[in-house]
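Single-letter residue listing:
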Amino acid sequence: MGNLPVYRFQLTTTLCYGPDSLKALGTLDGQRVLVVTDEFMNSTPVMGRVRTELAGAAAVEVFDQVKPNPDLTAVTEGLRAFLAFGPEAIVALGGGSPIDTAKAVRKLALEMGHDLPGGLIVIPTTSGTGSEVTSFAVITDPHTHTKLPLTSVAMLPEMAILDPEAVGIAPPRLTADAGMDAVSHALEAYVAKGSNDFSDALAEKALRLADASLVRCFRDGGDSEAREHQHNAATMAGIAFQNAGLGIVHSLSHAIGGSFRVAHGRLNGILLPVVITFNAGDLGFRPHDIGAVAGRYAALAKSLGLSASTERNLVLALVGWVEKLRKELDMPATLTAGGVDRAAFAAAIPTLAATAHGDFCTSGNPVAVTEGDLATLLKRIV
Ligand SMILES: NC(=O)c1ccc[n+]([C@@H]2O[C@H](COP(=O)([O-])OP(=O)(O)OC[C@H]3O[C@@H](n4cnc5c(N)ncnc54)[C@H](O)[C@@H]3O)[C@@H](O)[C@H]2O)c1
Ligand SMILES: [Fe+2]
């Protein structure tokens, strides 16, 4: 008993959610506000709405030089904008890229002794990364092209505003990629080593919401009810993985994404069925005596309303659920269908397996893996 750790479930970020929740920006009245975003989002009506809601701020400065998959240069430029303006609060508007940049800038500014009394308020415009509630920022090293996951409680936003209006203009492909990322967060968190009753509840609900809403958002971006639920689902999945961890879908996806230009969520959609099958013991278990991890997947399948005669078939039903979702979202089932050159990928497998093995998400996977296992999985997705 004496050696048991004290488990913690972290709920730092206040969530303001639902239609018109952008009004919550009024909490920054009287303060100097730096908005961190990208050039595209800065040109959209959403930014116009943000300016309107910040009308009571003492001064507003916009840094819009964030690029997708931000690197250290974007963070340095953001920090320069911070130091030149001296804000009391940061607002991040955009997908994971502006949010992660703002988180890294905030952390560096605090380390340099700058106070930020108004904190960091995040407005996600994709329903995917969960970055609005996590202490991670994924920054790319421009020399090695590898993604560096930075972790610090100093990067947890004080507030996230989940207004469906902010995501309403997202095109179908972005909706699908981000949505499959959120689905993969819930699925990985549910079986991850750190999973617990609290993260399970959020992962289950996130998947049920995505089941009901994601394809609707993909088919009709103006379906505001579906947008609202999918936006909430992505954040729930974010809280789940912030507390439970992830697994090798993410390790492999990070490694592949560093060398081949395929969207993160798209890669996860290709990897999920293969990884679920592997983690479940390659379905070599007996129908009435399945392993603990396979049992977890079967429980998740049940919570999604799937039914089957045996637990083994429930795991297969979960794999089928992912495959059906992927098809409905018009996403590829293999890397070559996703535009990756077969020969170039085959040559890269040993390096990718080694990179994925060293990724910090690997330690959260419910099943221990070797580099050889990861290479085998990579061969299955070509
Ligand atoms: N911090 C975390 O916990 C975490 C988790 C997963 C991924 N990430 C990181 O997040 C980044 C990816 O973020 P992302 O997928 O949300 O996209 P993104 O921020 O990289 O944006 C991708 C593109 O979509 C556009 N876009 C964003 N919102 C839009 C909208 N509503 N309508 C139209 N266009 C829009 C952007 O302008 C950009 O061109 C990667 O760098 C990834 O590594 C971070
Ligand atoms: Fe992800």
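Residues numbered from 1 in each chain as written. Chains lettered and ligands numbered in written order. Predicted model: local features only at pLDDT ≥ 70, side-chain atom pairs only at ≥ 80, totals over all residues.

### Notes on the packing of helix 6 (residues 172-191) against helix 7 (residues 197-219)
The angle between the axes and the distance between the axes are what describe a pair of packed helices.
For step 1, the next point in the chain: Where helix 6 contacts helix 7, the axes come no closer than 9 Å and their chain directions differ by 160°. In terms of their interaxial angle, helix 6 and helix 7 are classed as roughly antiparallel. Both helix 6 and helix 7 take part in a crossing whose hand is left-handed. On helix 7, the residues touching Pro 172, Thr 175, Ala 176, Gly 179, Ala 182, Val 183, Ala 186, Ala 189 and Tyr 190 of helix 6 are Ser 199, Asp 200, Ala 203, Ala 206, Leu 207, Ala 210, Leu 214, Cys 217 and Phe 218. (Axes fitted to C-alpha atoms, helices over the stretch in contact; angles between N-to-C directions. Helix = DSSP H or I, 4+ residues; strand = E, 2+ residues; numbered from the N terminus. Parallel < 35°, antiparallel > 145°, perpendicular 65-115°, else oblique. Left-handed = near helix turned anticlockwise from the far one by under 90°. Contact = placed C-beta atoms within 7 Å.)

### Details of the site of ligand 1
For step 1, the next point in the chain: What surrounds ligand 1 is a group of 29 residues, the closest being Gly 95, Gly 96, Ser 97, Ser 131 and Val 138.
For step 2, the next point in the chain: Elements with a minimum of two residues in the shell around ligand 1: helix 1 (39-42), helix 4 (96-111), strand 6 (136-140) and helix 6.
For step 3, the next point in the chain: At four residues, the largest contribution of residues to the shell around ligand 1 is made by helix 4.
For step 4, the next point in the chain: Counted by class, the shell around ligand 1 contains 13 nonpolar, 13 polar and three charged residues.
For step 5, the next point in the chain: Split by domain, the shell around ligand 1 shows at least three residues from each of two domains, domain 1 (14-169) and domain 2 (174-380). (Near = placed C-beta within 6 Å. Nonpolar A, V, L, I, M, F, W, Y, C, P; charged D, E, K, R; others polar. Domains from an automatic or database assignment.)

### Points about the domain arrangement of the protein chain
For step 1, the next point in the chain: Each assigned domain of the protein chain is listed with its residue range as follows: domain 1 (14-169) and domain 2 (174-380).
For step 2, the next point in the chain: Taken together, the 22 residues of domain 1 in the interface contact 26 residues of domain 2.
For step 3, the next point in the chain: Grouping the amino acids of the side of domain 1 that touches domain 2 by side-chain chemistry returns nine nonpolar, 11 polar and two charged.

### Considerations on the sheet that holds strand 1 (residues 14-17)
For step 1, the next point in the chain: Read from one edge of the open sheet, six strands run 1-8-5-4-2-3, paired in parallel fashion. Each having just a single partner strand, strand 1 and strand 3 (59-63) make up the two edges of the open sheet. Ignoring which end each strand starts from, the neighbouring axes of this sheet average 20° apart.
For step 2, the next point in the chain: Inspection of the sheet shows strand 5 (residues 119-124) paired to strand 8 (residues 159-162) by two bridges, in the parallel sense. Among the inter-strand pairings, Val 122 is bridged to a residue of strand 8, identified as Ala 160.
For step 3, the next point in the chain: Set on the sheet, helix 2 (residues 45-53) makes contact with strand 2 (32-36), strand 3, strand 4 (89-94) and strand 5; between it and strand 4 the angle comes to about 160°.
For step 4, the next point in the chain: Across the sheet, helix 3 (residues 72-85) is in contact with strand 2 and strand 3; its angle to strand 2 comes to roughly 165°. (Pairing = 2+ DSSP bridges.)

### Things to note about the environment of Leu 83
For step 1, the next point in the chain: Tracing the backbone through its elements, the reader meets Leu 83 in helix 3.
For step 2, the next point in the chain: Sequence spacing of Leu 83 and His 114 is 31 residues, and the spatial spacing of their C-alpha atoms is 8.8 Å.

### Structural notes on the environment of Leu 11
For step 1, the next point in the chain: With respect to the secondary-structure elements, Leu 11 resides in the segment before strand 1.
For step 2, the next point in the chain: Judged by C-beta crowding, with 13 C-beta atoms within 10 Å, Leu 11 ranks as partly exposed.
For step 3, the next point in the chain: Sequence separation of Leu 11 and Val 133 is 122 residues, and the distance between their C-alpha atoms is 8.2 Å. (Buried ≥ 20, exposed ≤ 12 C-beta atoms within 10 Å, placed from the backbone.)

### Topic: unusual backbone geometry
For step 1, the next point in the chain: For Asn 69, which is not glycine, the phi dihedral falls at a positive 50°.
For step 2, the next point in the chain: Counting through the fold element by element, Asn 69 comes out in the loop between strand 3 and helix 3.
For step 3, the next point in the chain: Positive phi values are uncommon outside glycine, yet Asp 330 reaches one of about 60°.
For step 4, the next point in the chain: With respect to the element layout, Asp 330 can be found in the loop between helix 12 (311-328) and helix 13 (342-358).

### A closer look at the environment of Val 382
For step 1, the next point in the chain: Within the secondary structure, Val 382 is located in the segment after helix 14 (371-380).
For step 2, the next point in the chain: A sequence separation of 145 residues divides Val 382 from Ala 237, and the C-alpha atoms of the two residues are 28 Å apart.
For step 3, the next point in the chain: What Val 382 contacts, discounting residues up to four positions off in sequence, is Thr 334, Leu 335, Thr 336, Arg 342, Phe 345 and Ala 346.

### Quick notes on the pairing of strand 5
For step 1, the next point in the chain: Across the six residues that make up strand 5, a large majority, six, are buried.
For step 2, the next point in the chain: Of the two faces of strand 5, the one holding Gly 119, Ile 121 and Ile 123 and the one holding Leu 120, Val 122 and Pro 124 are both buried throughout.
For step 3, the next point in the chain: Note that strand 4 and strand 5 share six bridges and pair parallel. Paired with Ile 90 across the two strands is Leu 120, which belongs to strand 5.
For step 4, the next point in the chain: The parallel pair strand 4 and strand 5, bridged by helix 4, forms a crossover whose chirality is right-handed. (Right-handed = clockwise from strand over helix to strand, strands pointing away.)

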